[in-house]
Amino acid sequence: MRVLSGIQPSGKLHLGNYFGMMKQCVDLQKKGEVYVFIANYHALTTVSDPARLRQDTMDVAIDFLACGLDPAHTVFFRQSDVPEVQELTWLLSIVCPVGLLERAHSYKDKLAHGKEATHGLFAYPVLMAADILLYQSDIVPVGKDQKQHLEITRDLAIKFNLKFGETFKVPGPYIPEAVAIVPGTDGQKMSKSYGNTIELSATPKQIKTAIMSIVTDSTPMESPKDPETCNVYKLYQLVADPAQVEEMAAKLRAGGYGYGDAKKALLAAFNARFADFRERRAALEADPAGVERILQAGAERARAEARRILKAARKAVGLE
Ligand code: ADP
Ligand code: TRP
């Protein structure tokens, strides 16, 4: 089974990214062959500061390795180190109906938020399809918001195979229901565009500030509370042990337990859960050359595989 996923280096990674995608990749390392890449070509559609792109790319690499991605088991690389993906993007563009891209939620959303309608933004899903098909991936762990992009990928693979003969494996998504959408401090989907994130690399003080700012309702301390509508509890479910989660649910239901108490418990659980992460992150940050070596070695392995599939696609269309 081959697993592949990518993440854009367009800001600091947060709990939503961790539970929505990074943890899935790390856990799947035991079950299959995992490919993970940093989607810096994609990030160019929204980031126009070269120094920032370089820094964010390094930060994503460090965050991912600190989370437990093991380069001995996983092919970890920078998207732009395998330029073959651009040629495959073109070969897929040939079979991609404009209407399919016009219906993409993420594209429409970005325009609604005032982004310029560039060709790069429009063709974003075609590049993503090339990422996935270039490595014959079976499953692609991503959060719910990427599901439509996977459907477009499947459509393009099917269309290409029909027109030019069986070339690509058609992938399926992989979205564990329990962590479909991680809420942010304001209760909306956690996202760097909403300023409601809890960042993995934040200092203990910043994490405390973020957790203490989580929005709660005005139920008084002594009254019973519904855990299912409590943002603090929703995040606690992700970071605490099942027994601790049960305990908090019971305390909230019973009353006499305030949201402030719940936030303190969440902070303690978060710190315990991410203690190892912080230690590994600090060590990696002190060794950027080592991180770069890991990315280079990953790119070499990825490229060998990419060349093989690209050759098959080139032959299928008659370029070879
Ligand atoms: P952001 O919304 O912060 O810009 P991205 O769109 O870059 O995050 O998402 C990167 C990956 O993390 C994707 O696979 C996405 O589905 C996942 N992800 C992002 N935010 C969340 C969230 N709040 N809950 C679950 N998964 C998420
Ligand atoms: N579009 C994805 C996101 O914003 C990142 C991405 C690019 C990706 N190429 C991919 C994810 C291929 C999975 C597979 O999160």
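No experiment lies behind these values; they were computed from the predicted model shown.

Cut-off values and rules
- Residues numbered from 1 in each chain as written.
- Chains lettered and ligands numbered in written order.
- Predicted model: local features only at pLDDT ≥ 70, side-chain atom pairs only at ≥ 80, totals over all residues.
- Heavy atoms only, no water.
- Helix = DSSP H or I, 4+ residues; strand = E, 2+ residues; numbered from the N terminus.
- Contact = heavy atoms within 4.5 Å.
- Near = heavy atom within 4 Å.
- Polar contact = N/O pair within 3.5 Å; in protein donor to acceptor, adjacent residues only side chain to side chain.
- 1 Å grid on protein atoms, 1.4 Å probe; cavity = no way out; pocket = protein on both sides within 12 Å on 5 of 7 lines; lining within 4 Å.
- Sits in = over half its atoms within 2 Å of the grid points.
- Nonpolar A, V, L, I, M, F, W, Y, C, P; charged D, E, K, R; others polar.
- Patch = residues over 30% accessible without salt bridge, like charges linked within 9 Å, V, L, I, M, F, W, Y side chains within 5 Å.
- Areas by Shrake-Rupley, 256 points an atom, 1.4 Å probe, with all protein chains shown as cover.
- Salt bridge = Lys/Arg side-chain N within 4 Å of Asp/Glu carboxyl O.
- Buried < 20%, exposed > 50% of the residue type's maximum accessible area, 1.4 Å probe, protein only.

Draft legend 1. Quick peek at the environment of I294. Structurally, the position occupied by I294 is in helix α14 (residues 288–317). Each C-alpha atom, one on I294 and one on K311, is 26 Å from the other, the two residues being 17 residues apart in sequence. Sequence-distant contacts of I294, defined by excluding residues within four places in its chain, comprise L65, P71 and F76.

Draft legend 2. Geometry of the site of ligand 2. The environment of ligand 2 is formed by 14 residues, the closest being Q8, Y124, M128, D131 and Q146. Note that an oxygen atom of ligand 2 is positioned 3.1 Å from one of the side-chain N or O atoms of Q8. Within the side chain of D131, a nitrogen or oxygen atom sits 2.7 Å from a nitrogen atom of ligand 2. Counting atoms within 2 Å of the grid points, the majority share of ligand 2 lands in the largest pocket. For the shell around ligand 2, the secondary structure elements donating two or more residues are β1 (2–7) and α7 (119–133). Per element, the largest residue contribution to the shell around ligand 2 is four residues, and it comes from α7. When its residues are assigned to classes, the shell around ligand 2 shows eight nonpolar, five polar and one charged.

Draft legend 3. Expanded view of a nonpolar patch on the surface. Nonpolar side chains collect at one region of the surface, where I158, L162 and V170 lie side by side and expose about 280 Å² of accessible area between them. Position of I158 among the secondary structure elements: in helix α8 (residues 147–164).

Draft legend 4. Examining the side chain of Q29 more closely. Tracing the backbone shows Q29 in the loop between α1 (15–28) and β2 (33–38). For Q29, a relative accessible area of 12% puts it in the buried group. For Q29, the side chain forms a polar contact with the main-chain oxygen of G68, separated by 3.1 Å. For Q29, the residues in contact, after removing those within four places along its chain, are V34, G68, L69, D70 and T74.

Keep in mind that these numbers describe shape and distance, not what the molecule does.
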